[in-house]
Structures are given as structure tokens and as C-alpha cells.
Amino acid sequence: MFKKPFFRSGHKEKSSQQHFEVEGQRLSSDVQVNIQSIIQSFVNTGDLGQRKIDHVGTLMYLDSLVDQDKIEKSVIKGLTLSDHFLSDSQTVDNLDDVITKLLNGFSILLRDDFQKAYFFNTGGFTSRAVQEPSSEHIIRGSHEGFIENLSTNIQLVRRLVKNEKLVVKYMEFGERSNSKVAIIYIDDLINNEILVELEYRLSYSKVGYIQSPGYLLEFIEDESFSPFPQMLSTERPDRVAANLMEGRFALISEGSPIALVAPINFFAFFQSPDDYNSRFYIGSFLTLVRLMSLYIAMVLPALYIAVVSFHYEVVPYEFMLTLKGTLEYVPIPPIVEAIGMAIILELLSEAATRLPSPIAQTIGVVGGLVIGSAIVEANLVSNSMVIVIALTAIASYTIPVSEMSTTIRLLGFPASMAASLFGFIGIAFYVTLLLIHLCKLESFGQPYFSPIAPLKLEENKDTFFRFPIWTMKNRPSTTEVKDVRKMGNPRGWKKHE
Amino acid sequence: MKKTTILLIICLLILTGCWDQDQLKDTRLAVGVGYDDYGNGELYQTTDIRVPKLDSSATGRPAVTSVIMHSTGATPRQSRMNLEKEVAGNYAPNKVLVYILGEELAKKDIYPIFDVLYRYPRNSLSAKIVVANGRAEDLLSLKVVEEKLVSDALLKIIESAENDTFIPRVSIQSVCPIIFNEGQDFGLPKIGKSDNDALKITGLALFNGKKYTGIDLGEDEASILLILNNEESKMARFNLKVNPEEKRKILQYVTVHAFPKKHDLKIKLSNNQQISAEVKIKLKVHVAAYPKDNLSSKKELQTLTKKINEELTRKAEHVISETQRANCDYLGIGKRVQAYYPKTWAKLDWNQTYPTIKITPKIQTQIIETGIIK
Amino acid sequence: MNEKSITLNQLFFVIVQAQIGISLLSIPFKAHKYAKGNAWISVIIAGLIVQIFVLIIWMLMKRHKGKTILEISQTVLGKYIGNLVNFSYLLYGVLVMSNVVILYADIIERWILETTPKTVMIFLIIATGIHLGKQNLRVIARFFTIVNVLVFLLFVLSFFAFSNNLSFTNLLPISQSSFTDMFKGSTQVTSALLGFEILLFIFPFVLGQEKQMLKKMTSAIATVVIIYLYFAVLTLATFSQKEIAIVPEPVLYMLKGLNFRVVERIDMIFLSYWIIPMTTSFVVYLYIASSAAGKMFHKGKRKYPVWYLSILVFGIAYFFSDAIQIQTFNHYTAVISLIFIFGIPLFLLLLSIIFKNRGIRA
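Enquirer: Break down the interface of chain A and chain B for me, citing the residues and quoting the values.
Expert: Listed by partner, the interface residues are 24 residues for chain A and 23 residues for chain B. Elements represented by at least two residues in the side of chain A that touches chain B include exactly α10 (280-309), α11 (317-327), α13 (357-377) and α15 (402-422) of chain A. Considering only residue class, the side of chain A that touches chain B consists of twelve nonpolar, eight polar and four charged.

Enquirer: Could you give me a rundown of the nonpolar core, with the residues and numbers involved?
Expert: Here is a general trend for soluble globular proteins: nonpolar side chains tend to be buried in one another's company. I427(A), V101(C) and Y228(C) are the most contacted members of the largest nonpolar core, which has 228 residues in total. Here the element with the most residues in this core is helix α5 (residues 69-111) of chain C; it accounts for 22 residues. With sequence-adjacent residues up to four places away left out, V101(C) is seen in contact with I122(C), I125(C), I126(C), F282(C), V313(C) and A317(C). One finds I49(B), L105(B), I129(B) and I363(B) within the second-largest nonpolar core, a separate group that totals 83 residues.

Enquirer: Could you give an account of the interface of chain A and chain C, naming the residues involved and the relevant values?
Expert: With 22 residues of chain A at the contact, the number on the chain C side is 27 residues. Top contributing element to the side of chain A that touches chain C by residue count: helix α16 (residues 424-440) of chain A, with eleven residues.

Enquirer: Residue-level account of the sheet that holds strand β12 (residues 236-241) of chain B, with values.
Expert: All names here are of chain B. With respect to topology, four strands assemble into an open sheet ordered β12-β13-β14-β15, the strand pairing being mixed. Each having just a single partner strand, β12 and β15 (358-369) make up the two edges of the open sheet. Taken pair by pair, the neighbouring strands of this sheet meet at an average axis angle of 40°, ignoring direction. Strand direction decides the pairing type here: strand β13 (residues 253-269) and strand β14 (residues 275-289), joined by 14 bridges, are antiparallel. Paired with K268 across the strands is S276, a residue of β14. The strands that helix α8 (residues 219-228) touches are β12, β13, β14 and β15; relative to β12, the one it contacts most, it runs at about 120°.

Enquirer: Hey, could you go over unusual backbone geometry for me, with residue numbers and the actual values?
Expert: In this structure, P263(A) follows A262(A) across a cis peptide bond, with omega equal to -10°. Along the chain, the position of P263(A) falls in the loop between β10 (259-262) and α9 (273-277). Omega for the peptide link from S450(A) to P451(A) comes to 0°, which places this bond in the cis form. Along the chain, P451(A) falls in the segment after β12 (446-447). Even without a glycine there, the phi angle at E147(B) is positive, about 60°. Residue position: E147(B) is located in the loop between β7 (144-145) and β8 (148-149). Positive phi is not limited to glycine here, since T165(B) has a value of about 55°. Within the fold, T165(B) resides in the loop between α6 (150-163) and α7 (172-180).

Enquirer: Give a detailed account of the pairing of strand β4 (residues 106-110) of chain A, specifying residues and quantitative values.
Expert: Residue and element names in this part refer to chain A. Where burial is concerned, most of β4 is hidden: five out of the five residues are buried. A two-sided burial pattern is seen for β4, the buried positions comprising F106, I108 and L110 on one face and S107 and L109 on the other. Pairing of strand β2 (residues 57-62) with β4 involves three bridges; the strand directions are antiparallel. Bridge pairing in β4 places M60 opposite I108. Alignment of β4 against strand β5 (residues 117-121), held across five bridges, turns out to be antiparallel. Each bridged residue has a counterpart across the sheet, and for I108 the counterpart in β5 is F119. Hairpin remark: β4 followed by β5, antiparallel, with six residues in the connecting loop; positive phi at D113, about 55°.

Enquirer: Run through the sheet that holds strand β7 (residues 179-186) of chain A, naming residues and quoting values.
Expert: Residues and elements named next belong to chain A. An order of β6-β7-β9-β10-β8 is seen for the five strands of this open sheet, with the pairing classed as antiparallel. Looking along the sheet, the strands with just one partner apiece sit at the ends: β6 (166-173) and β8 (232-234). Adjacent strand axes in the sheet meet at a mean angle of 25°, parallel and antiparallel pairs treated alike. Pairing of strand β9 (residues 249-253) with β10 involves four bridges; the strand directions are antiparallel. Following the sheet pairing, F249 is matched in β10 by A262.

Definitions and limits used
- Residues numbered from 1 in each chain as written.
- Chains lettered and ligands numbered in written order.
- Predicted model: local features only at pLDDT ≥ 70, side-chain atom pairs only at ≥ 80, totals over all residues.
- Contact = placed C-beta atoms within 7 Å.
- Helix = DSSP H or I, 4+ residues; strand = E, 2+ residues; numbered from the N terminus.
- Nonpolar A, V, L, I, M, F, W, Y, C, P; charged D, E, K, R; others polar.
- Core = buried A, V, L, I, M, F, W, Y, C linked by C-beta atoms within 7 Å.
- Buried ≥ 20, exposed ≤ 12 C-beta atoms within 10 Å, placed from the backbone.
- Pairing = 2+ DSSP bridges.
- Axes fitted to C-alpha atoms, helices over the stretch in contact; angles between N-to-C directions.

Here you go:
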């Protein structure tokens with residue numbers, strides 16, 4: 001039992017040592033030796049292309065990563081037609097860099113008696129077109145979303161923030177995958193301590209392979225066991241840009257359309273770009289509705305359970321009779337009803353997510369009509385419980401960030417449990433514990449539950465209501481930005497009329 | 001390790017848990033409770049219980065019906081315990097809509113009956129409380145009144161009467177402070193069976209301390225009393241006999257809707273320690289029906305106002321003499337004496353004093369509307 | 001010290017929340033025992049008394065900048081006697097903690113969960129308390145700040161009580177109890193105002209000047225006194241004299257009678273949520289006791305004492321079950337606390353004035 005990991009860790013050490021020896025190996029002056037060592041490094045992979053060009057040298061590239069057209073049109077044409085072509089090209093001089101270049105879709109030109117290698121950008125990646133992210137639909141506002149290509153993603157952000165202080169820092173993670181990750185921030189806004197903290201935390205992220213930014217997120221977030229997401233993951237460039245402007249940073253990695261934004265606070269998960277594109281009454285109303293739905297999604301089933309199994313005297317007489325009527329012939333206790341229905345709901349939504357959309361609609365019909373009505377007619381679950389769970393589901397789906405919405409639904413389970421044990425008291429204890437947890441939670445050293453705890457009244461203009469944009473003249477203080485002032489007096493013209 | 005402990009604790013809680021669970025579906029809801037005293041020292045309890053109808057399952061919402069059960073015991077709690085033995089399910093009196101006291105029972109100290117309601121936290125303090133004209137059992141035994149189950153019907157009748165200022169808004173909770181207050185008494189609605197086998201509010205039963213005095217006020221009189229005590233809801237309606245000289249009865253009357261405007265109760269202590277009180281009421285009045293005449297001229301309005309004032313003040317005087325006869329300090333004059341003249345209060349026996357003091361009511365009205373015709 | 005600093009506003013909320021708790025629900029009841037209808041005057045007197053205590057504490061803390069009472073006691077009295085004083089604060093914290101837990105479990109049992117064993121309730125209360133108590137001061141202050149929403153909620157609910165028949169004549173006449181009775185009543189209210197002694201332990205961690213802090217402290221005390229006064233007047237007007245004498249939680253009882261179209265029995269819903277402010281009172285004393293224990297035994301770290309002190313409290317609370325015991329325990333706790341909020345700070349203040357801050361040895 002215990003030997004295996006021991007052995008494995010030993011093995012790992014060994015291999016990383018080998019890796020280290022290869023590093024820094026300089027190119028030799030013999031072309032054949034260089035070619036052989038490259039081929040060896042790639043372990044005779046089939047897609048390593050070679051092309052001998054007369055009088056010049058050997059061109060090497062990875063078939064799968066390059067665009068043949070580019071090689072023909074720019075490299076070979078240039079080499080054969082222009083004399084200055086080579087002298088204008090860049091070079092690298094060690095094997096490790098050569099490999100990195102090859103892996104990034106560059107072509108390498110090796111020459112006799114020349115200890116360096118030329119490289120040309122011939123990368124030809126196919127990537128999806130920029131389209132609206134399906135998980136973050138909005139009605140009014142930009143419909144652009146990130147894609148799997150890092151440079152496109154950065155381009156999308158830069159187009160929104162045309163500022164020379166926007167800094168992109170590339171880092172590579174994964175000793176075996178060399179995944180490229182970009183840290184984006186605005187230098188004259190972000191607090192240096194946050195950056196230092198980020199880099200310190202990232203310095204520990206030494207793994208073989210970073211499959212998705214989710215890996216990094218789990219490595220660097222503050223509290224791993226907290227149910228709440230401590231970094232905002234979004235596919236929307238406008239959201240990233242807005243957050244950068246408030247002194248936050250974003251992490252985008254190659255191959256994933258997700259940007260991670262931190263330090264974030266709780267209420268950011270309940271805001272949508274929609275809010276800022278519509279009138280402030282509408283924005284406020286919707287924000288309020290979403291925060292209400294937070295409460296509904298978390299404690300409505302629990303409240304219902306507490307009412308029907310502990311404190312039915314809190315509902316008025318007529319309403320209670322109705323409740324009693326629906327419950328009368330249901331054989332199972334409310335907590336089992338609630339958890340059962342909630343699990344059915346999760347099953348339906350999970351099934352609908354995985355299936356192609358035409359079949360997913362069938363799931364809707366099966367779930368909504370068949371299960372919903374049949375289960376009530378069979379007296380397995382009461383009518384009122386079906387309503388409660390349906391409301392819960394709808395409420396949770398109004399939360400704009402799907403991660404948070406699932407979290408909230410998940411948090412409903414212990415709430416129901418507590419309610420079935422102690423009624424209202426149980427719910428209250430549970431809410432207390434959650435509140436304490438939220439007060440304690442920090443995202444990169446910044447309080448997560450701000451601006452409620454610590455309470456900053458003047459910053460609550462965007463928490464429960466969205467005040468008119470021109471009233472929010474300062475950036476939130478929780479990120480401790482260098483430049484607090486956000487705008488002057490955009491409605492100053494009013495005075496001069 | 002930490003997680004295992006937490007899990008263990010959670011398991012422990014769940015497995016042993018739910019001490020206080022009281023499933024709604026297992027309850028037998030008592031909605032109307034009547035208490036009678038048949039003179040044998042036992043308390044006779046009549047309970048209106050809501051149960052689902054036998055063959056109404058699988059409809060999603062079973063129909064409910066009412067079952068009337070009887071039980072006896074020395075105390076309300078004991079008779080309840082006796083009842084619990086019979087009831088199939090958990091007997092639940094925490095949603096009782098209305099408590100009915102039999103007339104004979106009410107004439108004794110009523111607080112002992114309510115003690116359990118005040119003491120036990122799950123009881124509903126907002127339940128209505130009425131005195132039956134006769135026996136409480138007879139009212140509840142009607143079972144269905146106007147196609148409504150009896151307790152529901154009773155509640156509706158009480159609520160609509162409250163809105164029309166026929167009876168005060170009384171609940172278990174609101175009675176409690178008055179029961180304990182020496183300087184104030186209360187009245188409870190009195191309800192009896194009508195000729196149509198329906199329920200009817202017959203008036204206001206006046207209490208002295210914790211006992212029913214046996215003296216009732218009629219509906220009109222009760223309204224006046226409520227107005228004198230500044231207790232009216234939105235408005236009160238009166239039929240006033242302003243023209244007794246007319247031969248046809250229909251022409252003698254005016255119907256007015258009165259709205260409160262000003263209420264003023266003043267206590268005076270004369271030099272020889274005589275207490276007197278003056279209640280000044282100002283009302284805004286809409287004339288709803290005046291079959292005799294039209295009211296186009298200012299003069300006619302003034303005469304009518306004067307007549308209304310006289311009639312109302314006369315009625316008020318009568319009402320106050322009734323309360324004094326019953327020794328029911330409904331207006332809380334004693335309370336005020338206690339607050340403003342504590343030394344005098346200490347020397348007084350208020351029960352002896354109240355019937356003897358002089359209370360002058362003065363009701364002034366102002367006609368502000370005569371409907372859509374003059 | 002591993003505590004982080006808090007702002008002036010947080011200081012305000014911490015003091016308010018430390019004081020408001022279980023005792024708000026029974027505010028006029030205890031005072032009424034002595035002062036009758038003048039219980040509301042007792043509240044005002046108690047406020048003034050407490051203000052004097054706070055002034056003493058402030059003067060003491062001002063003389064010894066950057067030190068908590070635990071360090072001041074050692075500077076002034078020397079290491080050994082100082083430690084004795086610190087240890088007594090530890091005991092005091094444990095005592096009041098137990099008192100809070102007992103009252104708290106008792107009120108829940110009487111009002112909502114009648115048959116749930118008290119042990120379970122005590123366990124839940126202490127577990128929640130530990131969860132907050134083990135955090136640093138900044139987190140505690142953040143939590144205390146948001147809890148004030150509930151006080152606001154109580155205010156909103158209390159407005160509906162105006163639909164009852166209120167008779168403000170119950171407050172009159174002013175002569176219905178002698179001044180000594182009012183004063184006796186105010187000692188009862190003073191115990192409801194307890195909790196501000198946390199000042200002795202958090203003063204050095206507040207960002208701000210002494211004068212501003214005094215202002216905040218005073219306004220916090222004033223706020224609480226006004227809240228208490230409001231509820232005392234409201235409940236005295238709702239209930240008659242004799243009734244209030246038998247209702248230990250008049251505020252809850254008042255809510256019990258309220259009725260809305262969609263919700264009834266507000267008292268139950270409200271009491272459920274009121275456990276949050278009750279937890280804060282517990283945490284205040286957990287903080288006091290664990291700071292004292294941490295200072296003496298763990299080089300200033302509160303991590304371990306939070307756990308073992310809570311277990312100790314669990315043990316103590318377990319033994320007090322019947323109503324009479326609880327009352328006696330509550331009574332003695334109130335008396336003893338006077339020594340700690342008034343006696344010791346005053347003593348230390350006098351000593352530091354006499355010996356000019358240098359302590360007895362010097």
C-alpha cells in the first residue's frame with residue numbers, strides 16, 4: 001500500500017533530472033547530429049516533418065502544427081528568392097529552445113557549420129470563430145466570447161482596453177505540457193501586493209500537465225474547502241475588461257476559453273453586463289431579483305420543510321389547510337421528498353447538459369411533464385414540494401455565473417437537512433455558519449464578502465441596487481487600487497445648461 | 001480525522017434527531033373550541049376538528065370536513081388530554097381560530113381557562129374569543145353554517161362585524177393586558193343562533209374584571225361604546241331616530257356613516273375627591289339615507305346635524321349608564337386615574353367607585369357628504 | 001499578537017452587538033420587578049452608569065497606549081499578581097459564557113424546541129461560537145457588523161406592534177416607585193448592557209485616536225440605550241403592569257400576538273434568527289477568556305484555548321437545567337461581572353495614577 005507512492009515519487013525525481021540534463025544542450029555544428037538529436041527528443045514521432053532545401057539547409061517542423069501554405073509561400077520562397085531573408089531572421093542556439101519553437105508551430109532551419117537554428121513563424125492552428133459564450137448569454141451588450149486561442153483572447157481584451165498600461169505576462173506551467181498562461185492586469189491600477197501574492201502562489205504550481213485553468217484555480221485559491229468560488233471564471237471579454245478596470249487581474253490559459261478573475265467578491269457573481277446596458281431601474285430590479293433568488297434557491301426547500309414538519313402555525317389557516325391537503329396521502333417524510341426531488345432535478349439538468357440539444361428537449365418533456373405530474377398523482381411527492389423544488393431550480397438558474405448557481409443549489413441540501421432536524425432554529429444556525437464563513441473568506445487577501453463585511457456603505461451602490469453609473473465615481477476600495485478615482489463628473493453639463 | 005468526527009456528529013444528529021418534529025400531515029387540527037360549565041365542576045369541551053374526507057385521496061387536494069368531539073376534564077389541559085386519546089393523529093390546537101365560552105362559564109372567573117393558552121408557546125394568541133348566547137356546544141354543533149364549516153363561518157362573521165365597528169377587535173392576546181389591569185375592563189362579542197339556523201352576533205358582553213356581568217349591549221350601543229373608546233375601524237354605521245314626530249316609521253330615521261375625527265377623554269378630580277370624566281368625540285358623517293327630505297339648504301343640514309348630535313349623545317349617555325350598571329370600566333377611566341392621580345387611586349376601591357362617578361359624553365358631528373344627491 | 005486591527009466604525013458595531021443579545025428580549029421584565037412602570041427610567045439611569053464605566057476603561061486604556069488589560073495588569077501589578085488578575089478574567093469569561101449559553105438554550109427550549117435535549121442545543125450554540133471565536137478580531141468585527149441588520153429587522157417588526165392597543169398611561173405616574181427602586185431596576189438593566197468590557201481587550205487594535213474612540217464608544221452605548229428604551233416603553237405600553245410581571249420575554253410575547261396576512265407567529269421566526277445576535281454575546285466572552293488564556297499559556301495564541309474553554313463551558317452548561325438554578329446562576333453572574341467591568345479597571349486606573357504608570361514595583 002505505502003510503497004507505491006514512494007516508488008512513484010522516486011521515479012518522478014529521476015525523470016525530472018534527465019529532463020534537466022537535456023536542458024541547455026547547445027546545437028552542434030554538424031547538421032546531421034542536430035537533426036538526430038531533435039528526432040530523438042521527439043522520440044521518432046511521425047508528424048515531425050523534414051525538408052531539405054538545396055544550398056540552404058534542412059527545414060524541420062511538426063506537420064500537425066504548421067500551415068504548409070505558409071512554408072511554401074513565405075519560407076521557401078523567401079529562402080530561394082531573397083538573399084537577405086536569412087540575415088533578417090531570428091535564431092536560437094540550444095536544443096531546448098528549438099524544441100519549444102517546434103512545439104509552438106515554428107519551422108526550424110538548420111544549416112551546416114552553423115551552431116544556431118533559424119526559426120520562422122509558420123503556425124497554422126485551427127480555432128473556432130469568436131461567438132457568444134453559451135453559458136453566459138445576455139440580452140443587451142457585447143456578444144463576443146473567448147475562444148481556445150490565447151492570442152485571440154488577449155486581442156479581444158486589448159480591443160476593449162486600449163491602454164499602454166495593460167500588461168500581459170506569459171507564464172508556462174506543466175513540465176510535460178508547457179501550457180501557456182497569460183496574466184493580464186492594468187499596471188497603474190492593480191495593487192502590487194496582489195501581484196506579488198499571485199506570483200508567489202503560482203511559483204508552487206509545479207505539475208506535469210495543466211488540463212484546464214481549473215487546475216491552476218485549485219492550486220492558488222485561498223480556501224480549497226470552501227463551497228464558494230473564489231475566482232470568477234468567465235468567457236466574456238467585456239466582463240474581464242470591467243474587472244481589470246477595478247484593479248483585478250485575469251488569468252487566461254491556452255486552449256481554454258475561460259478567464260479567471262481575482263480578487264473577486266461575492267456580489268460580483270450576481271452581476272451581469274446586462275445590468276449596465278439597461279436603465280438603472282431595470283438594472284437595480286434585476287440585481288435585487290437575483291439576490292432574492294439566492295435566498296430562495298438556498299433556503300426555500302428548507303423553509304418549506306421546517307414549516308410542514310415543525311412550525312406549521314406560521315402560515316395562515318387557509319394556506320395551511322391547502323398544504324395539509326397536498327401532504328395528506330404522501331407516505332414519505334418531507335426531507336426525503338425534498339432531497340429526492342432535488343436529486344431528480346439535478347439528474348435532469350445534468351442529462352440535458354450532456355445530450356445534444358434536440359434530445360435535450362425530450363429530457364425537458366420527460367422531466368417536466370412525465371415525472372412531475374406522474375409523481376404527484378402517484379402520491380409519492382406532494383404538489384407543494386414539486387412547486388418548491390421547481391422554484392428553487394428556476395431561482396438558482398437566474399444567477400449569472402453557473403458555478404455560483406450550482407454552489408447555491410448544493411448549499412441547499414445541508415439547509416434542508418438542518419431544517420428537518422431543528423426547524424427554523426436549524427436553518428438559522430446554518431445561515432450563521434455560512435455568514436461566518438463568508439466573513440472569514442478572502443480572495444487574494446481581499447475580503448470576499450465586501451462591501452457588506454467589512455461594511456462600506458458608500459460602495460454598496462452596486463450590491464443590492466445598481467445606482468446610476470455616474471454615482472459610482474470611485475473604484476471599490478477592497479482591491480486597494482492605486483488610482484481610486486473612476487470618473488470625473490460625467491453629468492457636469494447639467495449645471496451649465 | 002476532523003472530517004470523520006464531523007461526519008460522525010452529523011450521523012448522530014440525523015439518526016437520533018427530530019425530537020420536536022410535528023408533521024403537518026399527521027395533525028388533527030382543532031379550529032374551534034368551546035367551553036361550557038354544566039355545574040358539576042367539570043369543564044365540558046366541544047372541539048371542531050378538521051379532517052380530510054375519507055375517499056378523497058389521489059386528487060392532490062383532499063376535501064376537508066369538520067368533526068365535532070366532546071371531552072371533559074377539570075382543567076382545559078385535562079380535557080384536551082382526554083380528547084387526545086380519542087383523536088386519530090396528533091391533536092393540534094395551535095391554529096384555533098375561535099374560542100367560545102358558554103354564558104354560564106363566562107360568569108365565573110375566565111382567566112384559569114386561558115392560563116394554558118398564555119403559558120404554552122405554540123398556542124395562537126390571535127385566536128378570537130366570544131361568549132355564546134347560551135351554550136358553546138350548541139353553536140359548534142351546527143357543524144355547517146351557510147355552506148361553511150362552523151368555525152370558519154364564525155370567524156368570517158366576527159371579522160366582518162369588526163370591520164363594521166359592531167364589536168371590538170378582541171383576541172386572546174389583546175384581552176390579556178386588560179384582564180390584568182385593575183383600571184380597565186373589556187367586552188367580548190356575544191354570538192347566538194339566529195332563527196335561520198345560522199350564527200348571529202347579538203351584542204357585546206360586558207365584563208367586570210375577569211367575570212361576565214350578564215349585561216349586554218345591543219349592536220348599535222356597542223358601536224357607540226367603541227366610538228367612545230376610540231376603537232372604531234374605518235367607519236361605523238348608525239340608524240338614528242331623528243324625527244319621532246313623523247307617523248310613517250320609514251320617515252323617522254336617518255342612516256349615517258360616521259368616521260372618527262377627534263377623540264378626547266378628560267378626567268377631573270374635584271376638591272372633594274370626586275372623580276368625573278368627560279368624553280368628547282368629533283365625527284365626520286356621511287348621510288347614507290334620509291328618506292324624509294332632501295338636504296339642499298344649509299339650514300336643513302344644520303338642523304339635521306343638531307338632531308344627530310342629540311340622538312348620538314343621548315345614546316352615548318345610555319351606553320355609559322349601562323356600563324356603570326355592569327360595573328365595566330370599558331373606557332379605562334380607572335387606568336387614567338391611576339396614572340394622573342396615583343394618590344387618590346391608592347385610596348380608592350375602583351369597583352365601588354366606578355358606578356358612582358359622573359361621565360359625560362359629548363358627541364359632535366359634521367355632515368361632510370350627503371351622497372350623490374342633495 | 002496575531003490580531004488584526006479594526007476600524008472605528010467596526011468598533012462601534014462590535015460594542016453595539018456585544019451588548020445586544022438575549023437580554024434585549026427581556027429588557028423591561030427584570031427592571032420592572034423593582035421599578036414597576038418606571039422601568040424605562042431605570043434604562044436611562046443604567047445607560048448613564050455604563051457610560052461612567054466606559055469612561056473609566058477609556059482613561060485606563062489611554063494611560064497605557066497599545067496595551068490590553070492583560071498587559072496593563074502585569075505592568076501595574078507585577079507579573080504574578082497581574083497574572084492572577086488575568087486568570088480571574090479567564091474565569092470571568094468562562095462564567096459569563098456559560099451563563100449566556102444556559103439562558104440561550106433555555107429560551108430556545110421554552111419557546112420553540114420543547115423536547116429537543118438541551119445538550120444538543122448547547123452543542124450547536126457552542127459549535128457556532130467556536131467557528132466564529134477562533135477567527136481573528138477583524139473577521140469577528142466584520143461579522144458583528146452585518147448582524148446589526150437583525151436589530152434593524154426587529155425595529156421594523158416592532159412598528160407593527162403599534163397596531164395593538166397601546167396605553168402609554170402605563171408609564172405614568174413617575175412617582176410609582178421610589179428612586180432606590182429605580183436604581184435597583186437599573187442594576188438589572190446594567191447586566192443587559194454588559195459586553196462593552198470587550199473594550200479592555202480590543203482597544204489597542206482599533207485604528208484611530210483616543211478621542212474619536214471615546215466618541216464612538218459613547219455613541220455605541222447611547223444607541224443601545226435608546227434601543228432598549230424604545231423597547232421598554234413599547235412593551236410597557238403593550239402590557240399592563242401585572243402582566244409584564246409574569247412575562248419574562250415581553251418583546252417576544254409582543255411579537256407573538258402580531259398577525260399578518262401571510263405570516264403568523266412572528267415570534268418564532270424572529271427568535272430563530274435572533275440566535276445570531278445571541279451567538280455574538282457568546283463570542284465576546286469567548287474572545288475575552290481565550291485572550292486571557294492565550295496570553296498566559298500559549299504566547300498570545302487563541303487557537304487552543306478557544307477549543308478547551310468551549311468544552312469547559314459545555315460541561316458547566318450541562319449541569320444547569322432547572323429554572324431556579326438558572327435564575328440563581330444568572331443573578332450571581334450579574335453581581336460578579338460588576339467587579340470585572342468596574343472594580344478592576346478602576347483599581348488599575350487609580351494605581352496607575354498613583355504610581356504614574358510604572359507599577360507597584362517601580
